[in-house]
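For reference, the chains in residue letters:
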Amino acid sequence: MEQEKQLVSAQRTFFYTGQTKSIEYRIRALHQLRQGIEKYQQRILEALRADLNKSETEAYGSEIRIVLGELDFALEHLEEWATPKPVPTNSAIPDGTSLIYPEPYGVALIIAPWNYPFQLAFGPLVGAIAAGNCAIIKPSELTPAVSRLTYELIHEIFPSEYLAVMEGEVETSTALLKEKFDYIFFTGSTGVGRIVMKAAAEHLTPVTLELGGKSPVIVHQDADLKLAAQRIVRGKFLNAGQTCVAPDYLLVHAGVHDKLVELIGAEIQEKFGDDVLQNADFPHIVNARNFDRLAVLLQDGKAMIGGRSERDQLIIEPTVLGEVDWKSPVMQEEIFGPILPVFKYTDLNPMLDEIVRRPKPLALYLFTQNDNLQNQVLNQVSFGGGCINDTLSHMTSHYLPFGGVGESGMGSYHGQQSFDVFSHHKSILKRSE
């Protein structure tokens, strides 16, 4: 606990020197971070393979490329974002000028998860740097190779009083949360999010919580079924389903159910081969505890596709479950694995009512060409964000804020929103006399 206290104190002292508020300082730090990622790229790929068995293609595309894109976007727009913005002044004050000054909070804590351990540590860090903060990253202990690499990369480039990494088990996170930070950015489960928010409340520290939930996919009878199958398989089985915005369950019109399941099976075979258990590039479940949790859910309903697993290798093949209902165990928690329960419907309205009664999901995906149905779903269901006729792609846009609502989170980031979330926007009215 003393180490955490000393580090936070050192960062606050450094922040008070004002160096991080300089636009030139921030730009230089972002360039240094980019150069460091490029230097460490092969080691990052190797660490992601060691921790999660991600292939180089998947690891680069879903982790490194996204962070580099955030870096380049911030470098392109930072001066504009950081410039005070003039806004209209109340007509009752004719000699007044109104401005909004973005300023950094101070010392930020970034708690990263294990499922995308590089992207979800360094993505928020881009925003913290761009906004002018000092920051401490707490990487997940469940991905030790990426955790060690994160420490080495940051500490090779930056002084610890500016940017630092603290490795460790849950006790380290607990000790950090007892310290007073100026902002906390957490990505992880809803349960741990509650703990983080409770700790932040002790110091009235503002927080962003990027959580999860059961994100539905709806496939209506007029959907392009082959396209839907391709995009559902891509979205669901990326990182073996260990993705916060992965499709969690599928609602499909009864008239196209059998055809869609057939196409999903064909797409799984095309993408991952005849025997996924022998596919050296299919990501593994992060640890035995999560494997065992998922193995219980595999017994739910009836496996229409897949269903096999290998505990020694921590691998579960892509599985599509039929004969489930809303009370099934697989529907009581976020799955976070390569298991996709499927429901049939003839009338979508009761299904939408069921979604609305449950905690608000992080994402929703709708496949249909019907504009009226699109509008109905968007107006009736509250969720963090999503796609129409696609999955996952909304979170890759620098122009779309990414975040949850209700139990799926609070606050959002990506693009300018990453700068904004780590900035206090100070309102100033200036009069001539």
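Because the structure is a prediction, the values reported are computed rather than measured.

Things to note about the nonpolar core
Membership of the largest hydrophobic core comes to 144 residues, with the highest contact counts inside it found for Leu33, Ile37, Phe122, Leu125, Val219 and Leu250. With residues near it in sequence (within four places) discarded, Leu250 still touches Val217, Val219, Ile232, Leu260, Ile264, Leu340, Pro341, Val342 and Phe343.

Points about the pattern of salt bridges
Evaluated as defined, the whole model comprises 23 salt bridges. In this structure, the salt-bridge partner of Asp72 is Arg34, at a minimum N-O distance of 2.6 Å. Here Arg34 lies in helix H2 (residues 23–52) and Asp72 lies in helix H3 (residues 56–82), a separation of 38 residues in the sequence. It is possible to trace a salt-bridge network through shared partners that takes in Arg34, Glu38 and Asp72.

Side note on helix H11 (residues 348–357)
Within the sequence span of H11, burial applies to Leu348, Met351, Leu352, Glu354 and Ile355. Angular distribution of buried residues about the axis of H11 spans 155 degrees; they occupy a single face of the element. Buried residues belonging to H11 abut strand S8 (216–219), strand S9 (249–253), strand S14 (339–345) and helix H12 (371–380). Structurally, the start of H11 carries an N-cap: the backbone nitrogen of Asn349 is 3.1 Å from a side-chain oxygen of Asp347.

Notes on the UniProt feature "active site" (unreviewed entry) in the chain
The feature "active site" (unreviewed entry), as annotated in UniProt, sits at Glu210 in this numbering. Summarising the element assignment, Glu210 is placed in strand S7 (residues 207–210).

Description of helix H9 (residues 257–272)
Each α-helix turn comprises 3.6 residues. Residues three or four places apart therefore point the same way. Compared with an ideal rise of 1.5 Å per residue, which puts 16 residues at 22 Å, H9 spans 22 Å between its outermost C-alpha atoms and is within 8% of the ideal. Listed in full, the buried residues belonging to H9 are His257, Leu260, Val261, Leu263, Ile264, Glu267, Ile268 and Phe272. The arc that holds every buried residue of H9, seen down its axis, measures 160 degrees, which confines them to one face. Looking at H9, the residues exposed on the side facing more than 90 degrees away from the buried face are Asp258, Glu262 and Glu270. Of the surrounding secondary structure, the elements contacted by the buried residues of H9 are S8, helix H8 (225–237), S9, strand S10 (302–305), strand S13 (319–322) and S14.

Description of the side chain of Asn239
Position of Asn239 relative to the elements: it lies in the loop between H8 and S9. Dropping the residues within four chain positions of it, Asn239 is found in contact with Leu52, Lys54, Glu58, Asn115, Tyr116 and Pro283.

Brief notes about the UniProt feature "domain: Aldehyde dehydrogenase" (unreviewed entry) in the chain
When the UniProt feature table is mapped onto this chain, "domain: Aldehyde dehydrogenase" (unreviewed entry) is found at residues 13–428. Counting secondary structure, residues 13–428 comes out at 42% helix and 20% strand; the distance between its end C-alpha atoms is 26 Å.

Notes on the sheet that holds S7
In space, the six strands of this open sheet follow the order S5-S4-S3-S6-S7-S18, with mixed pairing throughout. Bordering the open sheet on either side are strand S5 (163–165) and strand S18 (409–410), each of which pairs with just one other strand. Strand direction decides the pairing type here: strand S4 (residues 134–138) and S5, joined by three bridges, are parallel. When the sheet's bridge partners are listed, Ile137 is paired in S5 with Val165.

Some words on the packing of aromatic side chains
Applying the stated criterion across every chain yields a total of 20 aromatic pairs. When the centroid spacing of 4.9 Å and the interplanar angle of 35 degrees are considered together, the rings of Tyr105 and Tyr183 count as tilted. A residue pair is termed long-range when its members are at least 10 positions apart, and Tyr105 in the loop between strand S2 (96–104) and strand S3 (107–111) and Tyr183 in strand S6 (residues 183–187) qualify at 78 residues. Ring centres 5.5 Å apart and planes at 85 degrees place the aromatic pair Trp114 and Phe336 in the edge-to-face group. Remark: Phe336 occurs in the loop between S13 and S14 and Trp114 occurs in the loop between S3 and helix H4 (119–131); sequence separation between them is 222 residues. Pairwise contacts between aromatic rings join Tyr105, Tyr183, Phe185, Phe402, Tyr413 and Phe422 into one cluster.

Analysis parameters
Residues numbered from 1 in each chain as written. Predicted model: local features only at pLDDT ≥ 70, side-chain atom pairs only at ≥ 80, totals over all residues. Heavy atoms only, no water. Core = buried A, V, L, I, M, F, W, Y, C linked by side-chain atoms within 4.5 Å. Buried < 20%, exposed > 50% of the residue type's maximum accessible area, 1.4 Å probe, protein only. Contact = heavy atoms within 4.5 Å. Salt bridge = Lys/Arg side-chain N within 4 Å of Asp/Glu carboxyl O. Helix = DSSP H or I, 4+ residues; strand = E, 2+ residues; numbered from the N terminus. Arc of directions from axis to C-beta. Polar contact = N/O pair within 3.5 Å; in protein donor to acceptor, adjacent residues only side chain to side chain. UniProt positions renumbered as here; feature names shortened; annotations may be inferred. Expected span 1.5 Å × (residues − 1). Pairing = 2+ DSSP bridges. Phe/Tyr/Trp six-rings, centres within 6.5 Å; stacked < 30°, edge-to-face > 60°.

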